[in-house]
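Chain by chain, the residues:
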Amino acid sequence: MTPRRATITAIGHYVPEKVLSNKELEKMVDTNDEWIRSRTGIRERRILAQGATSDLAVKAIEKVLEFRGINATEIEVIIVATVTPDMFFPATACIIQDKIGAHNAWGFDLSAACSGFLYALTTGAKLVESGTYSKVLVVGADKMSSIVDYKDRNTCILFGDGAGAVLLEPSDDPGYGVLDNRLYTDGSGGAYLYMKGGGSLHPATHETVDKRMHYIYQDGKAVFKVAVIGMAEVASEIMQRNNLKGDDVAWLVPHQANLRIIDATADRMGISRDKVMINIDKYGNTTAATIPLCLSEWWECGKLKRGQNIVLAAFGAGYTWGASLVKWSLANPAKS
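Residues numbered from 1 in each chain as written. Predicted model: local features only at pLDDT ≥ 70, side-chain atom pairs only at ≥ 80, totals over all residues. Heavy atoms only, no water.

Draft legend 1. Just the nonpolar core, in detail. In terms of nonpolar packing, the biggest core is built from 42 residues, with Met239, Leu252, Met269 and Val311 touching the most fellow members. Sorting the residues of this core by element identifies helix H8 (220–241), helix H9 (259–269), strand E12 (309–316) and strand E13 (320–327) as the ones contributing at least two each. Per-element accounting of this core gives the leading share, eight residues, to H8. When residues of this core are assigned to domains, at least three map to each of domain 1 (6–174) and domain 2 (178–327). Other than its neighbours up to four places away in sequence, Met239 contacts Leu244, Lys245, Gly246, Val249, Met269 and Val311. In this structure, Leu127, Leu295, Trp299 and Leu330 belong to the second largest nonpolar core, which totals 38 residues. (Core = buried A, V, L, I, M, F, W, Y, C linked by side-chain atoms within 4.5 Å. Buried < 20%, exposed > 50% of the residue type's maximum accessible area, 1.4 Å probe, protein only. Helix = DSSP H or I, 4+ residues; strand = E, 2+ residues; numbered from the N terminus. Domains from an automatic or database assignment. Contact = heavy atoms within 4.5 Å.)

Next comes the structure, spelled out in structure tokens:
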């Protein structure tokens, strides 16, 4: 029996207009442009001055619906990967469902930090492969500026706001679409990257606010060491599982956390820098949005083409990490 594959039939992204450059950060914390660029590869990031994560997501989704030429009422499931939901509940997926008028869809939020989009993509693909659903919207969106402490030079330089979305539908050709996934979790890593305040463990109080517990905390050195190994190994694993060599992969689409981590992953896979999607210089780390944001930009400019093998890889808080192999099915937008 021929397997039913889930394939990406439309894609879109959105970043806010407001730019926060390294030079501007120099005025806010003890840092400088050269130091940031040499250690992270980031020049600037985008900031959503007004609004919430759902507003970022809706802008990306509107592009998806417009390209696919469908109404939001045709969407059956909405999966939103985010660590910055509009609020604890209702889910951001519910808020988005109402904003776009997807009245026939059910949905939920998924929290896996920087690996969120891969977790959501795998989940959405399985829903399509099961034969139960045929139009699943997968969104990666984060307003990281809402949980960044702009007095902490170790974290405020890293993050930005953005969103990306894809539509998953059954593929006419089982050779195309989401072909394989490998996902991992190691909860012992929670001590090195977290936000302590606001949950049931530390509900919001004057004390938690005074102790700045509602901002992201990261032990940069500890996370860097495991991220380099984890992302490189899982990307290499997905290639080995599918008998692929570096020449067989058109693009590596890595989570945009740090340029040095990206380079290490490419080296481990045997892939040259010119086959790696990199836009961290413009947007910083947009957490769940980084991978779909890269995919959408590369597709819009005609670099991502039908039939190409692409490997998606990410590492995030949890620890969570994983990789996906996708055979790209969307034609070049200029020719579609």
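Draft legend 2. How the structure looks around the layout of surface pockets. When its volume is computed, the second largest pocket comes out at roughly 250 Å³. Forming the walls of the second largest pocket are 14 residues, and the residues nearest its centre are Thr7, Thr9, Asp172, Arg306 and Ser329. Per element, the largest residue contribution to the lining of the second largest pocket is three residues, and it comes from strand E1 (residues 6–14). When the residues that make up the lining of the second largest pocket are grouped by side-chain class, the tally is five nonpolar, four polar and five charged. (1 Å grid on protein atoms, 1.4 Å probe; cavity = no way out; pocket = protein on both sides within 12 Å on 5 of 7 lines; lining within 4 Å. Points joined across faces, edges and corners; volume = space filled by probe spheres on them. Nonpolar A, V, L, I, M, F, W, Y, C, P; charged D, E, K, R; others polar.)

Draft legend 3. Expanded view of the packing of helix H3 (residues 53–68) against helix H4 (residues 92–100). Orientation of H3 relative to H4, taken along the N-to-C sense of each, is 50°, at an axis distance of 10 Å. One finds that H3 runs oblique with respect to H4. Our pair here, H3 against H4, has a crossing hand that is right-handed. Residues Ser54, Asp55, Ala57, Val58 and Ile61 of H3 form the contact with H4, whose participating residues are Thr92, Ile95, Ile96, Lys99 and Ile100. Of the residues assigned to the contact of H3 with H4, the class counts are six nonpolar, two polar and two charged. (Axes fitted to C-alpha atoms, helices over the stretch in contact; angles between N-to-C directions. Parallel < 35°, antiparallel > 145°, perpendicular 65-115°, else oblique. Left-handed = near helix turned anticlockwise from the far one by under 90°.)

Spatial relationships are all this shows, so hold off on functional conclusions.
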